[in-house]
Amino acid sequence: MLVIKNGSIVKGENDLEQLDILIDNGVIIKMEKNINCDCEIIDAKGCLVMPGAVDVHVHFREPGFEKKETIETGTKSSAKGGFTAVMPMPNLNPCPDSYEHLIKETDIIEKTAVIDCYPYGTVSVGEGDKEMADIEAIAPYVKAITDDGRGVNNLALLEKACRLAKKYNLVVASHAEDNFYKFAPEGEFVAVRREIEIAKKTGVKYHFCHMSTKESFDAIRQAKKEGYTNITCEITPHHLVLSEDMIKDGNWKMNPPLRSKANMEATVEALLDGTADIIACDHAPHTEEEKSREYDRCPNGIIGIETALPIIYTHFVKTGKISLRKFLEMTVYKPNQIFNLGNRDLAVGEIADIAILDITNKHTYTKDEILSKGKNSPFIGMSYYGFNRCTIKNGNIVYRNI
Ligand code: DOR
Ligand code: ZN
Ligand code: ZN
């Protein structure tokens, strides 16, 4: 048995209510004021107690690139960030493009993950954009497919994969990038526009990853206005609060890159008006050696799973730009719903997957505290409210600093 005392939970749209939470056998069994229990106590005074957050876009590098991250270090870093479920991307070695390749990853997840991990399968063999992956064989074991890391430019292949994904109730997640324009804004929105047509035509649940340009949001906003509820998108904390004029070194390099101020403002607009469905951080660890190379030669990607919640909380909830309810929608409920991950909620009878954010004290993020193998964060040295202090998964404490 475990009791969380004195914490605040979200009530209605934007209110907090102080309630204690009693957990037994991995399940929430009581939520009341002043629960007394002769058991382990977590004092959550001054904290927001919320359902464990869900990030549908992380790179954990295993199998294949264990120097950058492993499933174990990636999930421990995610637990530190307040996440109890994540979806690792398939740009691995081997890529999970067949049953034989996928089970290499799922075996490691079973043995070493400290939170829920739902792996993606790929769209094409080896993310090569030539031959379709064995989607039929991997369908029972994945929630979604993607070639993230690169754009699918073979549109005939993409359409065929969408039809199969639809048949097996899988989401297709898109790293929308046109190979001709690459990292330029056009690289993103040209791909978004043509992929929207494929999503409309096939009816598959089509999810755009890390959207970052005004034109992309305009296209998605329009499709939603036309009633295409199968089309969704995510935005990252970094595209919401950083822009290209702020770039200092390789730890500010990712794909899609930081954009103009106008595009950053368009990303905020998409957050506020509901065009953006969810937050996902694109946690992309690399070694310090790789990231300390000169800017043009270092790989794309920044870590983000430990700072995602405090950045969104501080910039948008604390300032009153979005409500507490919307914060939960974008970091818990909607990711679960879009990717068919089941329900997660803070209620009696539910599985105890819980995060406890310190919303009273400001904390400065330091390199020393990072649990990811990657130290490539532009947010080191920055101060935020809302850092996670304790994470509970199935009733067990998987991270605690309280
Ligand atoms: O920044 C990025 N990092 N963008 C990508 O498309 C890939 C990812 C990675 O795997 O490092
Ligand atoms: Zn991507
Ligand atoms: Zn990614």
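Novice: Break down the overall build of the protein for me, citing the residues and quoting the values.
Specialist: Tallying secondary structure elements over the protein gives 11 helices and 20 strands in all. For the protein, whose C-alpha radius of gyration is 20 Å, the value lies close to the compact-globule estimate of 21 Å for 402 residues. Its C-alpha atoms give the protein principal-axis dimensions of about 60 × 45 × 45 Å. Buried residues in the protein amount to 59% of all 402 residues. As displayed, the protein has an accessible area near 15700 Å², and 47% of this comes from carbon and sulfur atoms. Where the 49 positive side-chain charges of the protein centre and where its 59 negative ones centre are 2 Å apart.

Novice: Let's hear about the coordination of the zinc ion (ligand 3): which residues, and what values?
Specialist: At the metal site, the zinc ion (ligand 3) is ligated by H57 (NE2), H59 (NE2), D148 (OD) and D282 (OD), and these contacts range over 2.0 to 2.3 Å. For the zinc ion (ligand 3), the 4 donor atoms in the first shell make angles of 84 to 173° at the metal, a pattern classed as irregular. Donor residues binding the zinc ion (ligand 3) come from one chain and are separated in sequence as H-x1-H-x88-D-x133-D.

Novice: I'd love a proper account of the packing of aromatic side chains, names of residues and values included.
Specialist: Applying the stated rule across the entire model yields 8 aromatic pairs. On the numbers, 5.0 Å between centres and 80° between planes, the contact of F180 with Y181 is edge-to-face. Under the relative-accessibility criterion, F180 is labelled exposed at 69%. Y181 gets classed as partly exposed once you look at its relative accessible area, which sits at 36%. Geometrically, the ring pair formed by Y384 and F387 is tilted, given 6.4 Å between the ring centres and 50° between the ring planes.

Novice: Help me get a handle on the sheet that holds strand 9 (residues 83-88), residues and values and all.
Specialist: Taken together, the 3 strands give an open sheet; going across it, the order is 8-9-10, and neighbouring strands pair in parallel fashion. With one partner strand each, in any of the chains shown, strand 8 (53-58) and strand 10 (116-117) form the two edges of the open sheet. Its contacts with the sheet place helix 1 (residues 71-81) against strand 9 and strand 10, and it is angled at close to 140° to strand 9.

Novice: Which residues make up the state of the cysteines, and what values do they have?
Specialist: Tallied over the full model, the rule gives 1 disulfide. A sulfur-sulfur separation of 2.2 Å characterises the disulfide bridge that pairs C37 with C39. Residues C37 and C39 are joined through a disulfide that is right-handed, its torsion about the S-S bond being 140°. Sulfur of C390: no disulfide; nearest cysteine sulfur belongs to C47 and is 9.1 Å away.

Novice: Which residues make up the coordination of the zinc ion (ligand 2), and what are the values?
Specialist: Taken together, the protein donors to the zinc ion (ligand 2) comprise D148 (OD), H175 (ND1) and H210 (NE2), at separations of 2.0 to 2.1 Å. In the primary sequence, the donor residues of the zinc ion (ligand 2) line up as D-x26-H-x34-H. For the pair the zinc ion (ligand 2) and the zinc ion (ligand 3), the metal-to-metal distance amounts to 3.4 Å, and D148 bridges them. Residue H175 is found in the loop between strand 12 (171-174) and helix 5 (185-202), and its partner H210 is found in the loop between strand 13 (206-208) and helix 6 (214-225); the two are separated by 35 residues along the sequence. You can call H175 buried: its relative accessible area is 5%.

Novice: Let's hear about the site of ligand 1: which residues, and what values?
Specialist: Contacts to ligand 1 come from H59, R61, N91, G149, H175, M254, N255, A284, H286, N300 and G301. Interatomic distance of 2.8 Å between a backbone N/O atom of N255 and a nitrogen atom of ligand 1. N300 is positioned with one of its backbone polar atoms (N or O) 3.2 Å from an oxygen atom of ligand 1. About the coverage of ligand 1: the protein hides 93% of its 290 Å² of free accessible area.

Novice: A description of the packing of helix 6 against helix 8 (residues 261-273) should follow, citing residues and the corresponding values.
Specialist: Running from amino to carboxyl end, helix 6 crosses helix 8 at an angle of 25°, the nearest separation of the two axes being 8 Å. Between helix 6 and helix 8, the crossing angle belongs to the class labelled roughly parallel. On the side of helix 6, the interface is formed by K214, E215, F217 and R221, while helix 8 contributes N263, A266, T267, E269, A270 and D273. Residue composition of the contact of helix 6 with helix 8, by class: 3 nonpolar, 2 polar and 5 charged.

Novice: Can you tell me about the pattern of salt bridges, naming the residues and giving the values?
Specialist: Any two side chains of opposite charge can pair if their charged atoms end up close together. Enumeration over the complete set of coordinates arrives at 26 salt bridges. Between D116 and K393 there is a salt bridge, with the nearest N and O atoms lying 3.2 Å from each other. Within this pair, whereas D116 is found in strand 10, its partner K393 is found in strand 19 (residues 387-393), the two being separated by 277 residues in sequence. Judged by its relative accessible area of 22%, D116 falls in the partly exposed class. Under the relative-accessibility criterion, K393 is labelled buried at 6%. Ionic pairing is found between R221 and D218, a salt bridge with its closest N-O pair at 2.9 Å. Of the two residues, R221 and D218 both sit in helix 6, 3 residues apart, roughly one turn of that helix. For R221, a relative accessible area of 25% puts it in the partly exposed group. Residue D218 is classed as partly exposed on the basis of its relative accessible area, which comes to 32%. It is possible to trace a salt-bridge network through shared partners that takes in D116, R344, D353 and K393.

Novice: Describe the pairing of strand 8, listing the residues and the values that go with them.
Specialist: Looking along a regular strand, one sees the side chains alternate between the two faces of the sheet. Counting buried positions along strand 8 gives 6 out of 6 residues, so the element sits mostly inside the fold. Where the polypeptide runs from strand 8 across helix 1 and back to strand 9, its parallel neighbour, the crossover connection is right-handed.

Cut-offs used in this document
Residues numbered from 1 in each chain as written. Chains lettered and ligands numbered in written order. Predicted model: local features only at pLDDT ≥ 70, side-chain atom pairs only at ≥ 80, totals over all residues. Heavy atoms only, no water. Helix = DSSP H or I, 4+ residues; strand = E, 2+ residues; numbered from the N terminus. Rg over C-alpha atoms; globule rule 2.2 N^0.38 Å. Buried < 20%, exposed > 50% of the residue type's maximum accessible area, 1.4 Å probe, protein only. Areas by Shrake-Rupley, 256 points an atom, 1.4 Å probe, with all protein chains shown as cover. Lys, Arg positive; Asp, Glu negative; His and termini not counted. Charge placed at Lys NZ, Arg CZ, Asp CG, Glu CD. Donors = N, O, S within 2.8 Å, 3.2 Å for Na, K, Ca; no water. Tetrahedral: all angles 85-135°; square planar, octahedral: opposite > 155°, others 65-115°. Phe/Tyr/Trp six-rings, centres within 6.5 Å; stacked < 30°, edge-to-face > 60°. Pairing = 2+ DSSP bridges. Contact = heavy atoms within 4.5 Å. Axes fitted to C-alpha atoms, helices over the stretch in contact; angles between N-to-C directions. Disulfide = S-S within 2.5 Å. Near = heavy atom within 4 Å. Polar contact = N/O pair within 3.5 Å; in protein donor to acceptor, adjacent residues only side chain to side chain. Parallel < 35°, antiparallel > 145°, perpendicular 65-115°, else oblique. Nonpolar A, V, L, I, M, F, W, Y, C, P; charged D, E, K, R; others polar. Salt bridge = Lys/Arg side-chain N within 4 Å of Asp/Glu carboxyl O. Right-handed = clockwise from strand over helix to strand, strands pointing away.

Function cannot be inferred from these measures alone, as they are strictly geometric.
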